[in-house]
Each structure stands twice: as C-alpha cells, then as structure tokens.
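Okay, here's what each chain looks like letter by letter:
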Amino acid sequence: MLEISELRKRFGGGPGASEGKVALDGISFAVRPGEMFGFVGANGAGKTTTMRIVMGVLQADSGSVSWEDRPLAYDDRRRFGYMPEERGLYQKMRVGEQIEYFGRLHGLGQQAAKKATDDLLERLGLTERRGDAVQTLSLGNQQRVQLAVALVHDPEVLVLDEPFSGLDPIAVDALATALQERCRSGVPVIFSSHQLELVERLCDSVGIVAAGRMVATGTVADLRAAESNTLRVVVRDPAPGWADGLPGAVTATDGKHVLLADGERDDQEILRRAMKAGHVEHFGVERPTLTEIFKEAVT
Amino acid sequence: MNGVMLVARREITTQIRTKAFVIGLLVTAVLVAAVSFAPTIMDRPDSYTLGTVNSQQLPLKAAAPDAEFTWRGFPDEAAAKQALLDGDVDAVLVDGTKVLTDGELGSELSVLLQSVNREVRLGAAGVSIPPLQMVSVGADTRYEAARTGIAVVLVLVLFMLLMGQVMMVAMGVVEEKSSRIVEILLSTLRPWQLLGGKIIGLGVLGLINLVTILAVGLVAAAASGLAADFPPGIPGLVAGVLLWFLLGYAFFATLGAALASLVSRQEEVGSVMTPLTMVIMLTYFVAFYATNDPTGTLATVVSYIPPFSSMVMPVRMAATEVPLWQAGVSMAGMVLAVLAVLGFGAKIYERAVLRTGARLKLGDVLRAR
C-alpha cells in the first residue's frame, strides 16, 4: 500500500521565512494494490506537487510517503512508473531506443529491455514507428511513447500526472485499457485529471484537493451517496394538487411533474401519492455526478 | 556506476549518428590534412630558367642546392632578347661576360651568378678558396618553425574542440531540463550519475575528434614529408595534449553544466554561459600569444594557473622545451582545480536542475538548503 501522510510544502522564501506560497497543507491519502486512484482538483491545488514529492523529484517540508509500511526509498522509486505533467522525451531519439533506454535505466538487462519495448510497441500500436525519431510522431503517439516509458519496467506503482490531457477519445480508451490492465494485475495507479467523467468511470477511489488540502476522499459510490439527499419523482399527467402537503417543490412542463424533495420526508408516502395521482416515470434519490461533488467540495 | 555508463552510452550513440558529427569529423580531417600538406606545396623550391649565348653553363646547382636551374642555349643575342622579353627565361649569359635581363634581376640570383662566376674564373686561374664554415653559438633553432606551426594548429584545435564540447554539454543539460525529461531520469538516477554520464559521453566524443585530428595530421605530415622537420618527442607531446584536453574539458564542461542548469530554455543558454565562454576565449588568446613567445614571462606564469594552464601548457610544450617538473606541477594544480569544480558544479546542478521556470540566480542556488 502506498500511503501519503501529512505532506506539507511551501514554495519561495527560505526555511523559516514567513512569506512564500503554501502548496500543500497536510495532504494525506492511501492507495491499495490494484486500486485506481483519481486525483482531482483545480489548477494549482497541489496535485502535481504531491506527485512530484511521491516521485522524489521534490522534497516535502514535512510529512511522509511510505510504501509497504516502510518509508519510500530511492530504490523503491526505481520500480515506480512516472509520467510527469509536462511530457519529457528526447525529441531526436528513436522511439524504440528511447523506451529501451528507460528500461535499462530502471534496471532491466539489455534483452529484457528490448523484449519489453517490443511488447509495449505492439500493444500501443507503434511497432512500425520503432525506428522513427520521437519528434516525427503526432502528439497522441508521443503520449503513447511517454506511457511506454512509464510502463517499460513493469512498475510496481504508477504515478501519472494528467495522462489523458490532449488525447482524442480513441487514444483515451486505449490508455484507459492499458491502465486498467495494470491495475488488475495488482498495481496501484494514481492519476490526476480534469476529465471528471473519466475519473468517475475508471477510478475505484477519488481524492479531491483544494488549496493544498484533501477536501474529500473515498470511493466514487461513497462520495456520491454522502452527497446525495434529494429525492426526484417524475409523474406524467397527475391530478392537479397531488403533491399538496408533501415536502419539496413541484415543477410542471408539458404535463410532466417533477418533484424534488430535500431533507426530512417519508419516501413511501410520496411514492403512494404519486402512483395514485398518475403514471410514475421516475422515482429515486438523485446521485450527483462527480462534477457536482467536485464543485461542491472546492467552493 | 551502471547508470553513469548507460547515460554516457546514450550520449555517444545518439550523437555519433548525427549528420553534424560525421560531417564535422570529415571536414576537420580534410582541413588538418590540407594544413599538413600546405607547407610542402607553398614552399616550392626557387626555380630559374637561364639562357646561354656562346657561353659555358655555370655550376650554380653546386652553390645553391635547394634551387632548380634550367638551361637553354640560344644561337644569338637577338633570339635571347626575344625569349627574355617573352618571359621564357629569367637571365641570359652572353659570351661569359655579361648577363642580359628584363628589368632588374632578383638580388638572390644576381649575387649567385656573380659569386659563382668569380669562383669559376679563380678556379681556372688555379686559386681555390675553401668555403666559410657556419657555426651557431645560440640555441638549437632547427625545429623552431615546425614547433611554432604545431603549436598554432594545436591551439586552434584545442580551442574549437573545448568550446564545441562544452556547449554540447550545456545544451544537453537544458534540453533535459526544458523537456522535463530530467524528472523521469532523476526518479531512477542520482543527479551525479546523470551529470557524470553526460560529461563522460560527450568527452569521449571530443576525444574521438581529437584523436582523429592528431592521427590524420601525423599521417598527412609523414606523407607530405613535413614530418622530417618535426622535433623529437612527438609521441610524448601527443599524450600530453590528450591529457590536457581531458583536464580542460572536465573543468569547463562541469562549470558549463552547472551554469546551464540555472536556465530552462535553450534561448537562455548563450547568455548564462557568457562568463564561461569569456574565460575559454581568454585562455585561447593567452595560448595563442604563447605560440609566439613560449619562453616569455606571461606564457610561463599563466601555464601554471588553472584553467589557463590546460591550453597554455600544451602549447608551451609544443613550442619549446619544457622541463618535466614544470609540466608536472602545472598538471597537479589543474587536477586539483578539476576536483574542486566537480564538487562545486555537481552541487549547483543537483540543486538547480529540477527547478524549472525563470532563470535562477547562482547565489540563491548556493544559499538554498
């Protein structure tokens, strides 16, 4: 399990200096093996800073990151896969050589690195581009190479900063499938994204950050359930005044009445009244989308 | 160490395949070969065409063995004059008593004609004069011209290679920093491994260049006959040059990497490197001056001061005889300077290379934790 606890980071100003910008103000969360963790938050909320601290390219002022119940060390990180926010590849290097190179840097032998590269290129549909310079590839294909660089050494943990940004829907699906495969084989995956529907679809858990704090965390279902308390009833052609005395407000359009009820209420009584009044088309507790939860959480 | 080697190997294999590297190597090889042949081609021995009218040919060749003489006989003065005016002959000896020319005759040829003529006449009269013996009491200056020539070529080669490779290191550092690839690299490598690998890899490429230049130069000099004028001790000089190049490169490349790590954009490399390029230029100027006056005070003093010594000392060694102890002391000083710079440069690089964005101030980086 990857555990991030109480990370704090301030930029600018020396140690002890009062000015400077607080980037992280005590971020904590955990990702279990085989769990896909979606990291959402507004720009500048602290997602990238957190990921950079996890990957050791930035030092936290305080707090800790632990992996399998020990403090995360340099040698552990070598077995992690990382995709930084701003894509980094050697533009003039050939695709295959580049992926192999990173495999070797992560400790693979020459043969193993070559084989892993061949497999990844095959899976990502880049086999024909193996000998081309990275700069000749389209943005989407460069992104695939970037993913291959993060995956080549069969990492134990994946940390991906905005892996889906700038991809077309087909490339998004390909990438999502690749991540789900890794996840199913027991690898914890953390990724950040602004595409909340995607996070909702892919992730087991979600963490919402705002101003350097984790404002909500948990499974998508839990978050939705916790936020939801509005009953929505749709009745077609009911008798007028059917909802008199019931809590909530009714809006009517084209003979369709929609009742939205918050707070204290007797759901069964409402259902009985609705069925008596007309044809019930919909009856259920409103599940807010992740987007609604997110907006609620960060404001 | 494995990481260092992987990084170094990547630098070498990606650079060596570029057109720029291959073409650069070919062009320098051709230039060096041309320089080695140039003196032989330009130092053509003097050659004269002389005519005779009713005269004996003079034994000029015996008096001036380096020059070439061609003789032509003419039936009469009129034919000889015409040949002179047409520029077919330089001078015509008539009746063994006068020399016809077209305008003023070169002093060298006229002195030669007069003295050989005198000698022949005196010899005919039974008077023989032993030639004057020449004895030098000064230093052995036989190789002076060759030494200066080698030193000048050496300065140019060392300067160009040093500047080129140091700039490559700086550009490489910024390339990795600006593309943020350094973040992925440093999640699996220590900063010193990345820096060390880059400096070693590009240094090997510099050495390949230098060895090619030296080898082509020596082979071409041997082929053109220029090597006959070379002073003894060339193998020692070559070894010294390679060593000094490595020391100078290690010094400047480490500082170049440290300075380059302060900026995040390729466009800023030039300006952040300015102080360093100025030092390299200054080293070059002093070294160039030393080719002219290798035994002067300036050259002697500066050849002990790192990093200037890295270029001035090999130039002094080429241009004149340098006692071994002097070269040793100078090299020890340079090695210490390189070690100091490695420690200092690696620290700056480590602290600055992950801080992308605006150009960092050296002082801030040093003060930071």
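Residues numbered from 1 in each chain as written. Chains lettered and ligands numbered in written order. Predicted model: local features only at pLDDT ≥ 70, side-chain atom pairs only at ≥ 80, totals over all residues.

Chain B has the name ABC transporter permease subunit in an unreviewed UniProt entry, where Nonomuraea phyllanthi is given as its organism.

Chain A is annotated in an unreviewed UniProt entry as ATP-binding cassette domain-containing protein from Nonomuraea phyllanthi. Per UniProt, the comment on chain A under Subcellular location (unreviewed entry) is "Cell membrane". In UniProt, chain A has this text filed under Sequence similarities (unreviewed entry): "Belongs to the ABC transporter superfamily." (UniProt positions renumbered as here; feature names shortened; annotations may be inferred.)

Considering the overall build of chain B
Tallying secondary structure elements over chain B gives 14 helices and 4 strands in all. Since a compact globule built from 369 residues should have a radius of gyration of about 21 Å, the 30 Å found for chain B marks it as more spread out than a globular shape. Here the C-alpha coordinates of chain B stretch approximately 100 × 45 × 35 Å along the principal axes. Every one of the 369 residues in chain B was classed for burial, and the buried ones make up 35%. Taking all contacts inside chain B whose residues are at least 6 apart in sequence as the whole, residues at least 24 apart take part in 75%. (Helix = DSSP H or I, 4+ residues; strand = E, 2+ residues; numbered from the N terminus. Rg over C-alpha atoms; globule rule 2.2 N^0.38 Å. Buried ≥ 20, exposed ≤ 12 C-beta atoms within 10 Å, placed from the backbone. Contact = placed C-beta atoms within 7 Å.)

Observations concerning the interface of chain A and chain B
Counting residues at the interface gives 22 residues for chain A, matched by 15 residues for chain B. Elements with a minimum of two residues in the side of chain A that touches chain B: β6 (80-83) and α3 (95-105) of chain A. Per-element accounting of the side of chain A that touches chain B gives the leading share, 4 residues, to α3(A). Looking at side-chain class alone, the side of chain A that touches chain B contains 14 nonpolar, 3 polar and 5 charged residues. (Nonpolar A, V, L, I, M, F, W, Y, C, P; charged D, E, K, R; others polar.)

Points about the pairing of strand β1 (residues 47-53) of chain B
Residues and elements named next belong to chain B. Where β1 lies against strand β2 (residues 68-73), 6 bridges are found, and the strand directions are parallel. Each residue of the ladder has a partner; that of Ser47, found in β2, is Glu68. Here β1 runs beside strand β3 (residues 91-94); their pairing, made up of 4 bridges, is parallel. Following the sheet pairing, Thr52 is matched in β3 by Leu93. (Pairing = 2+ DSSP bridges.)

Section: the sheet that holds β1(B)
Residue and element names in this part refer to chain B. Pairing is mixed in the open sheet, where 4 strands are placed in the order β2-β1-β3-β4. Edge positions in the open sheet fall to β2 and β4 (98-101), since each of these has one partner strand only. Between one strand and the next, the sheet's axes are offset by a mean angle of 30°, whatever the strand orientation. The sheet contact formed by β3 and β4 spans 4 bridges and is antiparallel. Residue pairing across strands places Val92 opposite Leu100, the latter belonging to β4. (Axes fitted to C-alpha atoms, helices over the stretch in contact; angles between N-to-C directions.)

Here we look at the domain arrangement of chain B
Here chain B is partitioned into domain 1 (2-40 + 143-367) and domain 2 (47-124). Taking only C-alpha atoms into account, the centre of domain 1 of chain B sits 56 Å from that of domain 2 of chain B. (Domains from an automatic or database assignment.)

Some details on unusual backbone geometry
With an omega dihedral of 0°, the bond running from B:Pro306 to B:Pro307 counts as a cis peptide bond. By the secondary structure assignment, B:Pro307 is in the loop between α11 (297-302) and α12 (309-319). Here the phi dihedral of A:Asp69 falls at roughly 65°; this positive angle occurs in a residue that is not glycine. Along the chain, the position of A:Asp69 falls in the loop between β4 (62-67) and β5 (70-71). In this structure A:Asp69 comes out as exposed when scored by C-beta crowding, with 7 C-beta atoms within 10 Å. Despite not being glycine, B:Asn54 shows a phi value in the positive range, around 55°. For B:Asn54, the location among the structural elements is in the loop between β1 and α3 (60-63).

Remarks on the packing of α3(A) against helix α5 (residues 139-151) of chain A
For any two helices packed against each other, the geometry comes down to the angle between their axes and how far apart the axes lie. Residue and element names in this part refer to chain A. In the contact formed by α3 and α5, the axes pass within 8 Å of each other and the chain directions differ by 25°. It follows that α3 is roughly parallel to α5 by the angle criterion. Along this stretch, α3 crosses α5, giving a crossing that reads as right-handed. Within the contact between the two elements, α3 uses Val95, Gln98, Ile99 and Phe102 and α5 uses Val145, Ala148 and Val149. Class assignment of the residues belonging to the contact of α3 with α5 gives a composition of 6 nonpolar, 1 polar and no charged. (Parallel < 35°, antiparallel > 145°, perpendicular 65-115°, else oblique. Left-handed = near helix turned anticlockwise from the far one by under 90°.)

Focus: the domain arrangement of chain A
Residues and elements named next belong to chain A. Domain assignment breaks chain A into domain 1 (2-225) and domain 2 (228-298). Taking only C-alpha atoms into account, the centre of domain 1 sits 42 Å from that of domain 2. Residue-level contacts link 14 residues of domain 1 with 10 residues of domain 2. Looking at the side of domain 1 that touches domain 2, the elements that each hand over two or more residues are α7 (196-202), β9 (205-210), β10 (213-219) and α8 (220-227). The element contributing the most residues to the side of domain 1 that touches domain 2 is α8, with 4 residues. A breakdown of the residues in the side of domain 1 that touches domain 2 according to their chemical character gives 12 nonpolar, no polar and 2 charged.

So, the sheet that holds strand β12 (residues 249-253) of chain A
All names here are of chain A. The antiparallel open sheet is built from 4 strands, whose spatial order is β12-β13-β11-β14. The strands lining the two open edges of the sheet, one partner per strand, are β12 and β14 (279-285). The mean inter-strand angle of the sheet, taken between neighbouring strand axes irrespective of direction, is 15°. Relative to strand β13 (residues 256-261), β12 is paired through 5 bridges, and the arrangement is antiparallel. Each residue of the ladder has a partner; that of Val250, found in β13, is Leu259. Together, β11 (231-236), β13 and β14 form the strand contacts of helix α9 (residues 267-277), whose direction differs from that of β11 by roughly 10°.

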